[in-house]
Every structure is written in C-alpha cells, then in structure tokens.
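One letter stands for each residue in the lines below.
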Amino acid sequence: MKRILISSLFALSMPLLAQENATINIHANEGKQIIYKEIYGQFAEHLGTCIYGGLWVGENSSIPNIKGYRTDVFNALKNLHVPVLRWPGGCFADEYHWTDGIGPRDQRPKMQNNNWGGTIENNSFGTHEFLNLCEMLGCEPYISGNVGSGTVEELAKWVEYMTSAGDTPMAKLRRQNGRQEPWHVKFLGVGNESWGCGGNMRPEYYADLYRRYSTYCRNYDGNNLYKIASGASDYDYTWTKTLMDRVGHRMDGISLHYYTVTGWSGSKGSATKFNNDDYYWTMGKCLEIENVIKKHCDIMDQTDPKKQTGLLVDEWGTWWDEEQGTTRGHLYQQNALRDAFVAALTLNVFNKHTDRIRMANIAQVVNVLQSMILTNDKQMVLTPTYHVFEMYKGFQDATYLPLDLTCDSMSVRGDRKIPLVSTSAAKEKNGNIIISLANVSLKNSEDLTINLQGANVQKVTGRILTSKNITDFNDFDHPNVVEPTDFNNVKIKKGELKLKVPAKSIVVLELK
Ligand code: AHR
C-alpha cells in the first residue's frame, strides 16, 4: 500500500486540505477466503446488567418479554444476525459452577460475583436460558468452561448435560429439567484468561491443564466440539508460542484478547468527553491490533503452516471509564461515534486476516464496555457500534476480496501512523459486492475512486453513519443522534466508482 505520510506536527497543528484523494483497486475475481460469520460474534457475561436487565428480565417482569428475554433487545439482536454468542464469561466463567444454574429457578443457589462488584448472582439465567436464547436467535453458542476453580469432572459433565442424546446420567438430569433433546454446542472455551483472573497460571502449566481438561470433553452423538484454548493478552507472544509448542493440534483454536484501552491502571478516559487528539490516539491503538494479530499468526505459522488452528479474538473493543452514577465494577460505558470507528476499522482488519481468524467476540453485547445496546429499565437504545455491525451484516460468510488502497496517513500520539481511509470488500453469496469505507479524518472529505477489476456493476446502494461531532452518542432521551441514513452519491463509469466520503463517516456500499 502506498501512503503519503504526514508528520505529526503538520497533521495536528496545521489545518489539512479540505479534501483528500484516495484510490482503491478491488480484485473482484480473486476472492478465495470466506470471512467466517463468527467474526461478527458477541459476548455476554454475568457482569453488571448485561444478563439481568439487559438480556433477561424473567417471565413475570413488567418489561415486555418473550419467555423472559426482553422483547426489544431480542428483536434488535435478531436484526443483527448475531452468528455466535460467548457466555458466561470472561472472568466470571472461572468461578461459575453450572449446576447452580439448572433446575427450578427459585431453588437455585446464590453466589457472590467476586470479579464484578460483588453483586449477588441468583443464577436464574443458566444453561437452559442461555442455550434456548441461542436457538431463538439462530446463533451458535460458545461456552466458556471453568478451569480456574472447577474440576475436570465438572466440565466433562457440563458437556454431557448439554450435548448427550443417550441414556446417560447428565442427559437424564437435563430431561428432568425439561429439555428432551440435546442442544447443538460447537464452541467450547477451556478456561478464560488463565494467565490472569482465570487462575494466574504460567503458560507451561496451563498447557498441561488444557490437555487434561479437553481430553474429557467428549463428542456426544454427532456433536463435534471445536475446543478453544485460553490464549494471550495483547503482546504476550510467549503465551501463544508455548501453547502452540506444547498443545499443538489438540486445540482447534487459541484465543486472543485485545482491548482499545489507555492502560490498566488509573483513568481510561471518558467515553464521550474527549478531544481530537484522543480520538486519533484511539484510532492508532485500535489499528495496532493488526500488527499484534500478524505477530501471533507468525508464531502459529511456525508449527502450523497449514493454518489448521484458528485464532479467536474472543474479547475486543473499547474500554473507557465507567459512567458516573453507575455501580463500580459493572463496566457500564456510553458509546460515541468514535466507538463506531473502532468497530469499523477493527472489523476491516479481521476481514483481511480471515485465513487465520476463525471468530471474534466484541465485549460485550448489552450494557457492558463497547456494547451494541444500552438499557435502562423499560428503555433501550442502539449504540453507534450496533449500527456498524448492522451495516456490516453482508460480510458474514462472504468471500474476502483482496484490494490495494492508496491514501494519506497521519502520525498520531503514541508514535503510530494511521491511514486516513480504512476499507474492506467481499463478494456475498448472492453475488453482490459489499464495500466498507471509513474516512477517519475529522476535517476533510475524501474523494474516492474505486476500480473494480473483474466485476460488472449495474447498481449501487449505500448507507452512511456519521454525525455533527465525533463525541456524539445516543441516549434514552435522544436515541437517534447517530444512526445510518441512505447514501446515494456514487457515480459509476466504465467499471469505476467515484464518490465523496464526508469527514468522520462510515459508508457501506452494496454493488449489484
Ligand atoms: O470483558 C470484561 C473482562 O475483560 C472479561 O471478563 C475478562 O476476560 C477480561 O479481562
């Protein structure tokens, strides 16, 4: 990719030109790799009001619900085509004992949620409630198993309970609890953040534990588990290397966690009160995920050149200060247009590395960190991040199209350089081409020329997500400040598209 680099001093202190130019060459007949739909996955943890109040209110609630799941949130998620949902954590998973969450709800034992504010967990949302929700949404469940404080027997029996069709003790127990047929459960995480909240282990020790726990997670009655080892955080390449060497083909996938966060101690900054410099820093930090992914992939390539082991970025997204007036430890944050950019840019990176990335799960789906949806009692609002996931739906299971991008770059705080355009293209199953375009610049519009090699475009439709200010967000009183609108300003001429993408806007085009 050819880039004209602009120095930090110039970019931040001098007014930029009112308009930039960029060119994208899309190789429309060279697509090979499917973008796994699971890259558009979600994550729901027993944390704050993600589960209780967010997804689940119970059948007797005055909040409209379908069998206990809040109707407004359910419908919004259905519209998002959620491909996979990870549960019950996160850190919560390694203190969760699944037997507490089955049987009559009023008889389930309570526990203290030690990771997240010490809240009392009543276990009214358990295995049945989660797996039934996945069936209703039509998505794959991704169970995160307890290795930190649970036993091998406990995890093995959970798998049997969920997936055995036979005359087995756990299948019998499941039937007693009202579910005849087993559920389909493909994705199984063997621990979470085992280097931290999941047991503070060394990679060598965890590698052995993974081998032991995973041995007894059986494939019952045609249910084939895809077993995922608890992987590295950010730049911990030693963790990945150790697991690749010591576990190898015994894991189907290995996870990676990468948050767009300033640091783990002290203030992380406000979700809605930030300046332009903070915004550009955020773009740099979020784009750095590509280098991190490449380095983990290089390590994986050493022992797995055929790329049989998947990389699953099963936690990612922005992490800001908790909103004032909310419960400490519940990680409730607002979501501005800046967050939508983090989503768009990161998804464009994932699309590109789909030869290795098998899944990704943004943290988290409702009311926690970079969520899709915020709720407050009976009210619900869709965040700018939701709108990006909705606009990007067409990428799920589409064929990635290689492309060359030429655009300007700028240097930003943190000693990083960011291209001012981010893009991705894919061929959908119906033959349409989907193109995402993000103009990162806060000031300048971008004159784009898109050359399509190997495609005969007749018609283009598009949508744009932008707002007056990069700090704009949706709240319960103003739910439609940041939402997509139609974008029709595309000229088609001899296999070439010409369009102007306004500053700080995200455009998704559909080409027929
Ligand atoms: O997503 C919030 C927390 O972040 C998860 O529980 C944990 O895995 C990570 O540290």
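Reading the values: rules and limits
- Residues numbered from 1 in each chain as written.
- Predicted model: local features only at pLDDT ≥ 70, side-chain atom pairs only at ≥ 80, totals over all residues.
- Heavy atoms only, no water.
- Helix = DSSP H or I, 4+ residues; strand = E, 2+ residues; numbered from the N terminus.
- Rg over C-alpha atoms; globule rule 2.2 N^0.38 Å.
- Contact = heavy atoms within 4.5 Å.
- Areas by Shrake-Rupley, 256 points an atom, 1.4 Å probe, with all protein chains shown as cover.
- Expected span 1.5 Å × (residues − 1).
- Buried < 20%, exposed > 50% of the residue type's maximum accessible area, 1.4 Å probe, protein only.
- Phe/Tyr/Trp six-rings, centres within 6.5 Å; stacked < 30°, edge-to-face > 60°.
- Lys NZ or Arg CZ within 6 Å of the ring centre and 35° of its normal.
- Pairing = 2+ DSSP bridges.
- Axes fitted to C-alpha atoms, helices over the stretch in contact; angles between N-to-C directions.
- Near = heavy atom within 4 Å.
- Polar contact = N/O pair within 3.5 Å; in protein donor to acceptor, adjacent residues only side chain to side chain.
- Nonpolar A, V, L, I, M, F, W, Y, C, P; charged D, E, K, R; others polar.
- Core = buried A, V, L, I, M, F, W, Y, C linked by side-chain atoms within 4.5 Å.
- Domains from an automatic or database assignment.

It is worth spelling out the overall build of the chain at this point. Within the chain one finds 11 helices and 27 strands. On C-alpha atoms alone, the chain measures out to a radius of gyration of 23 Å, which is about the 24 Å that the 2.2 N^0.38 rule sets for 512 residues. When its C-alpha atoms are laid out on the principal axes, the chain stretches across 70 × 50 × 45 Å. Relative to all contacts within the chain whose residues are 6 or more apart in sequence, the contacts with residues 24 or more apart total 76%. Within the structure as shown, the chain displays about 20000 Å² of accessible surface, and the carbon and sulfur contribution to it stands at 48%.

In this model helix α10 (residues 337–352) runs 23 Å from its N-terminal to its C-terminal C-alpha over 16 residues, within 8% of the 22 Å that 1.5 Å per residue would give. Most of α10 sits out of view: 15 of its 16 residues are buried.

Attention now goes to the packing of aromatic side chains. By the definition in use, this model includes 24 aromatic pairs. Three or more aromatic residues link up through ring pairs in this structure, and these residues are Trp56, Tyr69, Trp87, Phe92, Tyr96, Trp98, Phe125, Phe130, Trp158 and Tyr161. The aromatic ring of tyrosine 142 is capped on one face by arginine 86, whose charged end is 5.5 Å from the ring centroid. Its end group placed over the ring of phenylalanine 274, arginine 338 keeps NZ or CZ at 3.6 Å from the ring centre.

This brings us to the sheet that holds strand β24 (residues 485–486). Ordered by their spatial adjacency, six strands build an open sheet running β17-β20-β21-β27-β23-β24, and the pairing between neighbours is antiparallel. The open sheet terminates on both sides in strands that have one partner only, identified here as β17 (399–400) and β24. Against the sheet, α10 makes contact with β17, β20 (421–427), β21 (433–439), β23 (460–465) and β27 (505–511), and its axis sits at roughly 50 degrees relative to β20, the strand it touches most. Along the sheet face, helix α11 (residues 384–391) touches β21, β23 and β27 and points at about 165 degrees away from the line of β23.

Time to look at the site of the ligand. Surveying the vicinity of the ligand reveals the residues Phe43, Glu45, Gly90, Cys91, Trp116, Asn192, Glu193, Tyr259, Glu315, Trp319, Gln364 and Leu369. Within the side chain of asparagine 192, a nitrogen or oxygen atom sits 3.1 Å from an oxygen atom of the ligand. In the model, an oxygen atom of the ligand is placed 3.1 Å from a nitrogen or oxygen of the glutamine 364 side chain. Across the shell around the ligand, the residue classes tally to six nonpolar, three polar and three charged.

Attention shifts here to the side chain of glutamine 333. By the secondary structure assignment, glutamine 333 is in the loop between β13 (310–318) and α10. Within the structure, glutamine 333 has its side chain in polar contact with the backbone oxygen of threonine 318 (distance 3.2 Å). Of the polar contacts made by the side chain of glutamine 333, one reaches the backbone nitrogen of tryptophan 320; its length is 2.7 Å. Apart from residues no more than four positions distant in its own chain, glutamine 333 is found in contact with Thr318, Trp319, Trp320, Asp321, Glu323, Asp339, Leu369, Gln370 and Leu374.

With that settled, the discussion passes to the nonpolar core. Most often, soluble globular proteins have nonpolar side chains that are buried together. Counting residues in hydrophobic clusters, the biggest one holds 128 residues, and the most contacted among them are Phe341 and Phe350. With 10 residues, the single largest contributor to this core is α10. Both domains that furnish three or more residues to this core are identified here as domain 1 (2–32 + 400–511) and domain 2 (40–264 + 308–397). Within the second largest apolar cluster, 27 residues are counted, among which are Leu401, Ala425, Ile435 and Ile464.

On to the side chain of serine 422. Among the secondary structure elements, serine 422 is positioned in strand β20. Polar side-chain contacts of serine 422 include one of 2.7 Å to the side chain of asparagine 348. Every residue in contact with serine 422, bar those within four places of it in the chain, is listed here: Leu345, Asn348, Ser436, Leu437 and Ala438.

Any functional reading would require information that these geometric values do not contain.
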